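# Observations on the three-dimensional arrangement
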Amino acid sequence: MTFFADVTVRGYELDTQGHLNQAVYLQYAEHARWELLRAAGLPQEKLLASGVGPVALEVTVKFLRELRGGDQVRVTCRFVYSEGKTFTVEQQIVKDDGTIAAEISGVAGMLDLSTRRLIADPRAHLAALADNPDLLTG
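Now for a look at the structure at hand. Small disclaimer: the values here were computed from a predicted structure and weren't measured.

Attention shifts here to the nonpolar core. With 34 residues, the main nonpolar core has Tyr28, Leu67, Phe79, Ile93 and Leu136 as its most contacted residues. Broken down by secondary-structure element, the contributors of at least two residues to this core are β1 (3-8), α1 (22-39), β3 (72-81), β4 (86-95) and β5 (100-112). In this view, Leu67 contacts Val9, Leu14, Gly18, His19, Leu20, Tyr25, Val73, Ile93, Lys95 and Ala101; residues no more than four positions away in its chain are not counted.

Shown next as structure tokens:
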């Protein structure tokens with residue numbers, strides 16, 4: 001099951017055309033990523049205490065439908081691991097009628113905060129710290 005966080009589009013997030021400002025889509029995606037980590041038992045404090053923090057290396061947004069103030073959206077988040085130091089983050093912003101408003105994909109890693117280098121196996125590190133590691137492999 002893919003993790004999700006629900007968000008309501010707020011009026012102050014709109015641009016001059018009356019739809020959600022493009023930068024806010026990224027904020028919604030970031031919110032869902034942190035909510036996923038928190039739900040897995042990895043709040044920011046716990047990650048920092050372990051000496052690592054998540055880092056976005058690349059993010060692509062495909063805008064498909066506009067969002068307006070008051071719209072209810074579900075922001076999905078799924079980590080897809082491969083071999084190596086990075087993993088893919090797949091996300092969608094879905095309107096309450098099921099219409100996909102945006103697709104966000106990115107490459108992420110876990111940064112060793114002392115060496116400022118990516119750790120070798122982010123999946124294993126996160127799973128070892130998490131209270132609910134199954135959420136991290138949606």
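In this structure, β1 lies alongside β3, joined through six bridges in antiparallel fashion. Along β3, the bridge assignment pairs Thr8 with Gln72. Note that β3 and β4 share seven bridges and pair antiparallel. Across the sheet, residue Arg74 finds its bridge partner in β4, namely Val94. Between β3 and β4, which pair antiparallel in sequence order, lie four residues; one of them, Gly84, sits at a positive phi of approximately 110 degrees.

Right, let's talk about the environment of Pro54 for a bit. With respect to the helices and strands, Pro54 occurs in strand β2 (residues 52-63). Pro54 sits 34 residues away from Leu20 along the chain, and the two C-alpha atoms are 26 Å apart. Discounting chain neighbours no more than four positions away, the residues touching Pro54 are Trp34, Leu37, Leu47, Gly109 and Met110.

All right, on to the packing of aromatic side chains then. Following the criterion strictly, the structure yields four aromatic pairs and no others. Measuring from centroid to centroid gives 6.4 Å for Phe79 and Tyr81, while their planes differ by 85 degrees, and the two rings are edge-to-face. With a relative accessible area of 12%, Tyr81 lands in the buried category. Measuring from centroid to centroid gives 5.2 Å for Tyr81 and Phe87, while their planes differ by 40 degrees, and the two rings are tilted. When its relative accessible area of 4% is taken as the criterion, Phe87 is described as buried. Site record: aromatic cluster; members linked through ring pairs are Phe79, Tyr81 and Phe87.

What counts and how
- Residues numbered from 1 in each chain as written.
- Predicted model: local features only at pLDDT ≥ 70, side-chain atom pairs only at ≥ 80, totals over all residues.
- Heavy atoms only, no water.
- Core = buried A, V, L, I, M, F, W, Y, C linked by side-chain atoms within 4.5 Å.
- Buried < 20%, exposed > 50% of the residue type's maximum accessible area, 1.4 Å probe, protein only.
- Helix = DSSP H or I, 4+ residues; strand = E, 2+ residues; numbered from the N terminus.
- Contact = heavy atoms within 4.5 Å.
- Pairing = 2+ DSSP bridges.
- Phe/Tyr/Trp six-rings, centres within 6.5 Å; stacked < 30°, edge-to-face > 60°.

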